[in-house]
Amino acid sequence: MTLIEFYDIAPIENIISSLTMQTDRVIFVGTGKRMERQGRGMQRFLDSRGINAEFRYVHINKHDLSGIVRTLESIIAEEYEIVVDLNGGEDLLLVAMGIVYERYKDTKRIEMHRYNIRNGTVSDCDGDGIVYPKEHFEITVRDNIDLHGGAVRYANAGSGCGTYSFDLSEQFKGDVLALWELCKASPAAWNRSIDILNETERRTKAAPEKLTIHVNTDAILGRKDGRERFKLLLTFLKDLKKSGCIAKLEYDETAITYEYKSLQLKQCVDKAGNVLELTTLILAMELRRKDGKPVYNDAMNGVCIDWDGDIHSGADSAQDVENEIDVFLMKGLVPILISCKNGGVDSDELYKLRTVAGRFGGDYARRVLITTYISSSKRSREALRRRAKEMDIELIENVHLLSNEEFSKRLRDIGIRHFD
């Protein structure tokens, strides 16, 4: 079977039929140098999934209707069983395909369909009542990034660079939500406490994977604000013990010794925003549709994306262009990129989110900013809200004031009109 694709800048427009049908050949019709480059990337993507299809490229003048018709006629004359995917492509290409179909519908078997990327429905476009594919298709976060020519950089806990894959056991999820309750009580105090904790641990020069931390109090009390910092640190460690993040806490006037319950929980307090990210991930993953299937078919947090898919190491890593997305969800074929901020937010964050979402989702991507706090200035808050609306970025503000049920509902409703 031969599949005719009309080149579109969004790769998902051109690959969905290849992913869901048993095709032997893909004929790309379009214009521009990017068509063949994208086609090669798509072929590698399909090969990695065991789908071996021959790719052929046919260039046309997008302004010449008669020439496009002749080109399509020459393609159809050579093929026996033809499926035409009407996703993507210039308007004139679609008009030309309609002309060619009318001429050949009685002598050639030509199936035409259009896939709605947002909601997964398929429309029959040749009037025979048959559609390909028939079922909703889903891809993972990594699939989406790979398809757009990027790659996920992975890392171990404490490495400070890359995506850390958490094992989301029920016990761990409960521990994270307990930490979120502690953070919710006062996000500003949480941020300050995390800063003091991290600076203290850096001074101990303990290995990132070490769970037991021993701190000489002189290292803290010797500072100008040492007594205040010591008091805040000790109070925070007691709170972490109550929440279950640390298993043991011992202290006197000379030293503090504490032990994290697990390396994963240590990672939770490595940065002030990690608990908000993980809470967002956990609540989103637990959402279910009426049929019991997940609302979001895949989810990752702290996703470090290399833009060109060529990950370097060592000194060469300076060549890489990378961005981190706090939470990355997939709803079928639609990517949802979320920035989580447990503190002040400025417009730079909006531009970063829009840029990364545009590169790894285009017009289909949904963009969301989740925050506990924007600014103490009413004027700044209103300006950021207006800018977010102009940039089609959803805002979930004051998330620390929401119950988990309310937070889950907001996550369920992300881009709800977008998917209708």
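Quick note: structure is the one above.
If you're wondering where the values come from, they're calculated on a predicted model, not measured in any experiment.

Undergrad: Before we go on, may I ask you to explain the sheet that holds strand E1 (residues 2–6) in this structure?
TA: By definition, the strands of a sheet pair up through backbone hydrogen bonds, in either a parallel or an antiparallel sense. Judged by pairing direction, the sheet is mixed, and its 6 strands sit side by side in the order E3-E2-E1-E4-E5-E6 without closing on themselves. Both edges of this open sheet fall to strand E3 (54–59) and strand E6 (122–124), since each of them pairs with a single strand only. Taking the axes of each pair of neighbouring strands and ignoring which way they run, one obtains an average angle of 25° across the sheet. As paired strands, strand E2 (residues 25–30) and E3 are joined by 6 bridges and run parallel to one another. Bridging across to E3, valine 26 finds its partner in phenylalanine 55. Helix-sheet contacts for helix H3 (residues 65–78) involve E1, E2, E3, strand E4 (81–85) and strand E5 (109–115), and the interaxial angle to E3 is about 150°.

Undergrad: Hey, could you run me through the pairing of strand E10 (residues 255–260) in this one?
TA: On a regular strand, one side chain projects to one face of the sheet and the next to the other, so that they alternate. Counting buried residues along E10, 5 of its 6 residues qualify, which places the element largely inside the surrounding structure. As judged from the 5 bridges shared by strand E8 (residues 212–216) and E10, these two strands associate in the antiparallel manner. Along E10, the bridge assignment pairs valine 215 with isoleucine 256. Taken together, strand E9 (residues 246–251) and the strand that follows it, E10, pair antiparallel across an intervening segment of 3 residues.

Undergrad: Which parts of the structure should I look at to understand the packing of aromatic side chains?
TA: Both the distance between ring centres and the angle between the ring planes are used here to describe each pair of aromatic rings. Taken as a whole, this structure holds 9 aromatic pairs when the rule is applied. Judged by centre distance (6.1 Å) and plane angle (75°), the rings of tyrosine 7 and phenylalanine 28 are edge-to-face. Of this pair, tyrosine 7 sits in the loop between E1 and helix H1 (11–20) while phenylalanine 28 sits in strand E2, and the two are 21 residues apart along the sequence. For the residue pair tyrosine 7 and phenylalanine 28, the accessibility class agrees, reading buried in each case. Members of the aromatic cluster, each reached through a chain of ring pairs, are Tyr7, Phe28, Phe55 and Tyr57. In this arrangement the basic side chain of arginine 49 is found over the ring face of phenylalanine 45, its NZ or CZ atom lying 3.8 Å from the centre. Lying over the aromatic face of phenylalanine 360, arginine 359 brings its terminal NZ or CZ to 4.6 Å of the ring centre.

Undergrad: Quick question: what am I supposed to make of the side chain of serine 339 here?
TA: Note that serine 339 resides in strand E13 (residues 334–341). Take serine 339: its relative accessible area is 3%, and that puts it in the buried class. Of the polar contacts made by the side chain of serine 339, one reaches the side chain of glutamate 349; its length is 2.7 Å. Discounting residues that sit within four places of it in the chain, serine 339 has contacts with Asp326, Glu349, Leu353, Val368, Leu369 and Ile370.

Rules used throughout
Residues numbered from 1 in each chain as written. Predicted model: local features only at pLDDT ≥ 70, side-chain atom pairs only at ≥ 80, totals over all residues. Heavy atoms only, no water. Pairing = 2+ DSSP bridges. Helix = DSSP H or I, 4+ residues; strand = E, 2+ residues; numbered from the N terminus. Axes fitted to C-alpha atoms, helices over the stretch in contact; angles between N-to-C directions. Contact = heavy atoms within 4.5 Å. Buried < 20%, exposed > 50% of the residue type's maximum accessible area, 1.4 Å probe, protein only. Phe/Tyr/Trp six-rings, centres within 6.5 Å; stacked < 30°, edge-to-face > 60°. Lys NZ or Arg CZ within 6 Å of the ring centre and 35° of its normal. Polar contact = N/O pair within 3.5 Å; in protein donor to acceptor, adjacent residues only side chain to side chain.

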